[in-house]
Amino acid sequence: MNKVLLILIIGLFMESCSRSNEVNVPHMPDSQKNLLKEQFEKSFDLDKSIAEDHIKKAIQKEKILGLDFLDSDFRSTTFKLPASIETPRLVETENYFYIYNIILSKTGKNIVRYDKSGTNQITFGKKGRGPGEFTAINSISEHEGKTYVFDNGSLKKLDQNLEEIERKFLRLWTNNVIMNKKSYDLKLSNNKVFPFPIANVDYETDSINFSIKDSRPGAFNFTSPNGTTFFSNDSIIVYTKTTSNIIHIISKNLPLSVTHIQLESEIIRKNESILNKKTANKEKFFNFMNSLFLIEKLHINKGTLWISFVDRKDSEAKNYLGKINLKDIDKFEELEVKIYTAPKFLNSFNFYGDHLFFNSVNMNISEYKLFQVQLDKIQHCPRAISTEFL
């Protein structure tokens, strides 16, 4: 509940910033004006593309499938948490697991690195602004043997011993980062002045290679980290507004090109209300959040697009997993989306590489338990049970 309130506060703060930084307001700093100009000049206009390009439909043609996992389908890893980790969030990278505090501890260390067996290798990262210290961790990534922590607008590069060897301030306010070979993709706090939810930035020069421009209104009528979600790798970006049913697959090959996929299913519904920052209060915000249909996460593995949905209609959250085969996307005008219901014990889907995962946390015994399931087992799961349409 506190996390939801924090999202609201951040959203309202960012929106208030946008009001004081209108393009035609002379008080906008020159650095912001130049950044805005650079983004516009290097932007791919998604609004225009949607209006001009053909939109492929991905239609649910079969009944929703219920997943009936066996214990043998799961690979579990147990992490013992140090006392300083009180608000844990897990990040998986190629070689390690990291667990860090969402709300940083003022006295203890805030990040733990584990090997893939769950063995604690090192605990580090006090709260502060000095070398090896952090103020608000956004994400953690690996690249070429180095660890990168995105901390409150700064990119901090750590060596194998997790000693800070470099830091630089990112010009773009970032909610999430995905590292690729020569660049990183940023999920940005965007608003009416800066309508750019995604930007691709060069490692070395920190220059913007391109931005994605999306001015369409959404159910969130203010800046919110919940407003967009994306996945990227070296060749593509997959992006959507979380309250939309259109997913955009953007090729990074210049000139940029995009394929729009519109989802059609009985579970996909239009959110009936819009949250307006001018009338939003705590009660309205909680009621709004508890009634939304959202696309929470996107992921691509082996030519398959995976989509995590959550439907909070009537304040009862139902989780679904969708998949679309993209291997022959250019051959067909119409695609098929298969949809699965989540088991009751699984309250959200997360993805990394070739598997999805979920967690169970018991702070009474300082234990974080991770469960992983191969995506191939879902693709070919013989125990999927057909259910009636909802």
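Residues numbered from 1 in each chain as written. Predicted model: local features only at pLDDT ≥ 70, side-chain atom pairs only at ≥ 80, totals over all residues. Heavy atoms only, no water.

**Looking at the confidence of the model for the protein**
Argument step 1. Scored by pLDDT, the protein has a mean of 82; 82% of the residues are at 70 or more.
Argument step 2. Across residues 1-23 the pLDDT falls below 50, and counting only partners more than four positions away or on other chains, this stretch makes 35 contacts in the model.
Argument step 3. Below pLDDT 50 for its whole length, residues 385-390 participates in 18 contacts with residues either more than four positions away or in separate chains. (pLDDT = per-residue confidence, 0-100. Contact = heavy atoms within 4.5 Å.)

**With respect to helix α4 (residues 282-289)**
Argument step 1. Here α4 has its buried residues at F285, F286, F288 and M289. Down the axis of α4, the buried side of the element spans an arc of 160 degrees, and every buried residue falls inside it. (Buried < 20%, exposed > 50% of the residue type's maximum accessible area, 1.4 Å probe, protein only. Helix = DSSP H or I, 4+ residues; strand = E, 2+ residues; numbered from the N terminus. Arc of directions from axis to C-beta.)

**Quick notes on the sheet that holds strand β13 (residues 154-158)**
Argument step 1. Here four strands make up an open sheet; going across it, the order is β11-β12-β13-β14 and the pairing antiparallel. Looking at which strands have only one partner, the edges of the open sheet turn out to be β11 (137-143) and β14 (164-169). Here the average twist between neighbouring strands, direction ignored, is 20 degrees.
Argument step 2. When strand β12 (residues 146-151) meets β13, the two strands line up antiparallel, connected through five bridges. For D151, the partnering residue across the bridge sits in β13 and is S154. (Pairing = 2+ DSSP bridges. Axes fitted to C-alpha atoms, helices over the stretch in contact; angles between N-to-C directions.)

**Re the packing of aromatic side chains**
Note on aromatic pairs: each is described by the distance of the centres and the angle between the planes.
Argument step 1. Taken as a whole and judged by the stated rule, the model has ten aromatic pairs.
Argument step 2. Centroid distance F150 to Y184: 6.0 Å. Interplanar angle 70 degrees. Geometry classified as edge-to-face. Here the residue F150 occupies a position in strand β12, and Y184 occupies one in strand β16 (residues 183-188), the gap between them amounting to 34 residues. Both residues of the pair, F150 and Y184, count as buried.
Argument step 3. Seen in terms of ring centroids, Y184 and Y203 are 5.5 Å apart; in terms of plane orientation they differ by 50 degrees. Their pairing is tilted. (Phe/Tyr/Trp six-rings, centres within 6.5 Å; stacked < 30°, edge-to-face > 60°.)

**Description of the nonpolar core**
Argument step 1. Counting 25 residues, the largest nonpolar core has V238, I261, L263, I307, F309 and I324 as the members making the most contacts within it.
Argument step 2. Within the residue set of this core, elements represented by two or more residues are β21 (236-241), β22 (246-251), β23 (257-264), β25 (293-301), β26 (304-311), β27 (318-325) and β28 (334-341).
Argument step 3. Tallying contributions element by element places β25 first for this core, with four residues.
Argument step 4. Residues within four places of I261 in sequence aside, it is in contact with K56, A58, N245, I246, I247, I249, I324, L326, I329 and L335.
Argument step 5. L36, L188, F194 and V201 belong to the second largest nonpolar core, which has 19 residues in total. (Core = buried A, V, L, I, M, F, W, Y, C linked by side-chain atoms within 4.5 Å.)

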